[in-house]
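Notes for the structure review
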Amino acid sequence: MKTRMFVIADTSSLTPQTVINYIVSLGKTLNIKDTCYGIMVEGDDDVVENITLKVREKFNADIFSKHRAYPIGDERRCRATRGGGARPGYYFLQEEYKLLPLISNVLKKGRFKTIDKKKKKPVDVDILKKAIKEKV
Amino acid sequence: MKVFIYPPNSMILQDLVERFGHTPLALAKEIERRVNDPELDSPPMNITDIDVKIGLKYAAIEVPSGVRGRLAMFGPLIDEAEAAIIVNDFPSTFGCMACARTNELTIYLIKQRRVPTLELDYPTNEEEVEDFIARIKNFLEGLK
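Predicted, not measured: the structure shown is a model, and the values here were computed from it. (Residues numbered from 1 in each chain as written. Chains lettered and ligands numbered in written order. Predicted model: local features only at pLDDT ≥ 70, side-chain atom pairs only at ≥ 80, totals over all residues.)

1. So, helix H5 (residues 100-113) of chain B
All names here are of chain B. Taking 1.5 Å of rise per residue, 14 residues should cover 20 Å, and H5 covers 20 Å from first to last C-alpha, within 8% of that figure. Those residues of H5 that sit buried are Thr-102, Leu-105, Thr-106, Leu-109 and Ile-110. On an axial view of H5, the arc spanned by its buried residues comes to 140 degrees, and they lie on one face. Among the exposed residues of H5, those pointing more than 90 degrees away from its buried face are Ala-100, Glu-104 and Tyr-108. Looking at the buried side of H5, the elements it contacts are strand E1 (2-6), helix H4 (65-80), strand E3 (83-88) and strand E4 (117-121). (Helix = DSSP H or I, 4+ residues; strand = E, 2+ residues; numbered from the N terminus. Expected span 1.5 Å × (residues − 1). Buried ≥ 20, exposed ≤ 12 C-beta atoms within 10 Å, placed from the backbone. Arc of directions from axis to C-beta. Contact = placed C-beta atoms within 7 Å.)

As structure tokens, then:
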């Protein structure tokens, strides 16, 4: 049994329902949950992996996916049984969610360009000595 | 190839590694094994005293048990790694990576493995994102 999260990029017009409809149309035995960030899918390992490939092929850079450790609705994580509040993993999701539109945009355009970053050099000792002599 | 990602719970890294045709070694794999273990004593906890002992393989006895417990999860992934991607300077809320000593030891262990490693800075704007993805793509394609 494997669980996967599918997170939809903020700038995409894709809705969780569209993804669910597509997955249902594939006719596999899966447990699917609609969430605020996308969907969660649970099922046999090979079925989930196969679905991931197909979803990625169909929606390309609009959707991102990761393996989730806890099963869907697990009492140790589900807010329904924990009395509300954010699920512990949401801090990470919130942080990465901000970056998804940019990553999605770059992947769609296929514009992969490296930039030469100049490493910041430490200040030269002579300059430091001169500044100290002048000011002290 | 199996690529260890750091931070090990990053969705972006996990997704990019899969997109470019490799297997990511992410934290979920280790946690899943623990949370689905019927022998687990206290269900809300991921780490048991056995993990703290396993952590001794990766850190000395003087190291706090919390660090050893975390390393008991990261360690087996690092042992399995054939390559690694390390992202530096990520925001403090970027995943449950708030233990600085564990982070230092994790990077040390990756470097000790002497596997091909790519080190990057966490991107903040579009230009940096382009560079970030391009470097990951080139690195992963070079592994084939």
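Alright, that's what it looks like, and here's the rest.
2. Quick notes on unusual backbone geometry
With glycine set apart, most residues show a phi of negative sign, and most peptide bonds adopt trans. Following Tyr-6 of chain B, the chain continues to Pro-7 of chain B via a peptide bond in cis, the omega torsion being 5 degrees. Following the sequence through the fold, Pro-7 of chain B ends up in the loop between E1 and helix H1 (11-19). For Asn-60 of chain A, which is not glycine, the phi dihedral falls at a positive 40 degrees. For Asn-60 of chain A, the position within the fold is in the loop between helix H2 (45-59) and strand E4 (63-68).

3. Structural notes on the environment of Tyr-70 of chain A
If you trace the backbone, Tyr-70 of chain A turns up in the loop between E4 and helix H3 (79-82). Each C-alpha atom of the pair Tyr-70 of chain A and Lys-2 of chain A lies 8.9 Å from the other, and the pair is 68 residues apart in sequence. In this structure Tyr-70 of chain A touches Thr-3, Arg-76 and Arg-77 of chain A together with Val-35 of chain B, once residues within four positions along its chain are discounted.

4. Concerning the environment of Arg-135 of chain B
Residue placement: Arg-135 of chain B occurs in helix H6 (residues 126-143). Residue Arg-135 of chain B is classed as partly exposed on the basis of its 17 C-beta neighbours within 10 Å. A C-alpha to C-alpha distance of 9.4 Å links Arg-135 of chain B and Glu-119 of chain B, two positions 16 residues apart in sequence. Those residues in contact with Arg-135 of chain B that lie beyond four places of it in its chain are Thr-114 of chain A together with Leu-118 and Leu-120 of chain B.

5. Let's talk about the packing of helix H1 (residues 16-25) of chain A against H2 of chain A
All names here are of chain A. The contact between H1 and H2 brings their axes to 11 Å, and the two run at 125 degrees. Judged by the angle between their axes, H1 and H2 are oblique. The way H1 lies across H2 gives a crossing that is right-handed. Every residue of H2 that contacts H1 at Val-19, Tyr-22 and Ile-23 is listed here: Ile-51, Val-55, Lys-58 and Phe-59. (Axes fitted to C-alpha atoms, helices over the stretch in contact; angles between N-to-C directions. Parallel < 35°, antiparallel > 145°, perpendicular 65-115°, else oblique. Left-handed = near helix turned anticlockwise from the far one by under 90°.)

6. Some thoughts on the sheet that holds E1 of chain B
Residue and element names in this part refer to chain B. If you walk across this open sheet you meet the four strands as E2-E1-E3-E4, and the pairing is parallel. Strands with a single pairing partner mark the edges of an open sheet, and in this sheet they are strand E2 (23-25) and E4. Pairs of neighbouring strands in the sheet enclose a mean axial angle of 25 degrees, with direction left out of account. In this fold H5 packs onto E1, E3 and E4, with an angle of close to 150 degrees to the strand it touches most, E1. Sheet strands touched by H6: E3 and E4. Its angle to E4, the strand with the most contacts, is close to 175 degrees. (Pairing = 2+ DSSP bridges.)

7. As for the pairing of E3 of chain B
All names here are of chain B. The pairing of E1 with E3 spans four bridges and is classified as parallel. Of the residues in E3, the one forming a bridge with Val-3 is Ala-83. In the sheet, E3 pairs with E4 via five bridges, with the strands oriented parallel. Following the sheet pairing, Ala-84 is matched in E4 by Thr-117.

8. Here's the deal with the interface of chain A and chain B
Counting from both sides, the interface comprises 23 residues of chain A and, opposite them, 28 residues of chain B. Elements with a minimum of two residues in the side of chain A that touches chain B: E4 and helix H4 (90-109) of chain A. When residues of the side of chain A that touches chain B are assigned to their parent elements, the largest contribution, nine residues, is made by H4 of chain A. Its residues placed into classes, the side of chain A that touches chain B shows 13 nonpolar, three polar and seven charged. (Nonpolar A, V, L, I, M, F, W, Y, C, P; charged D, E, K, R; others polar.)

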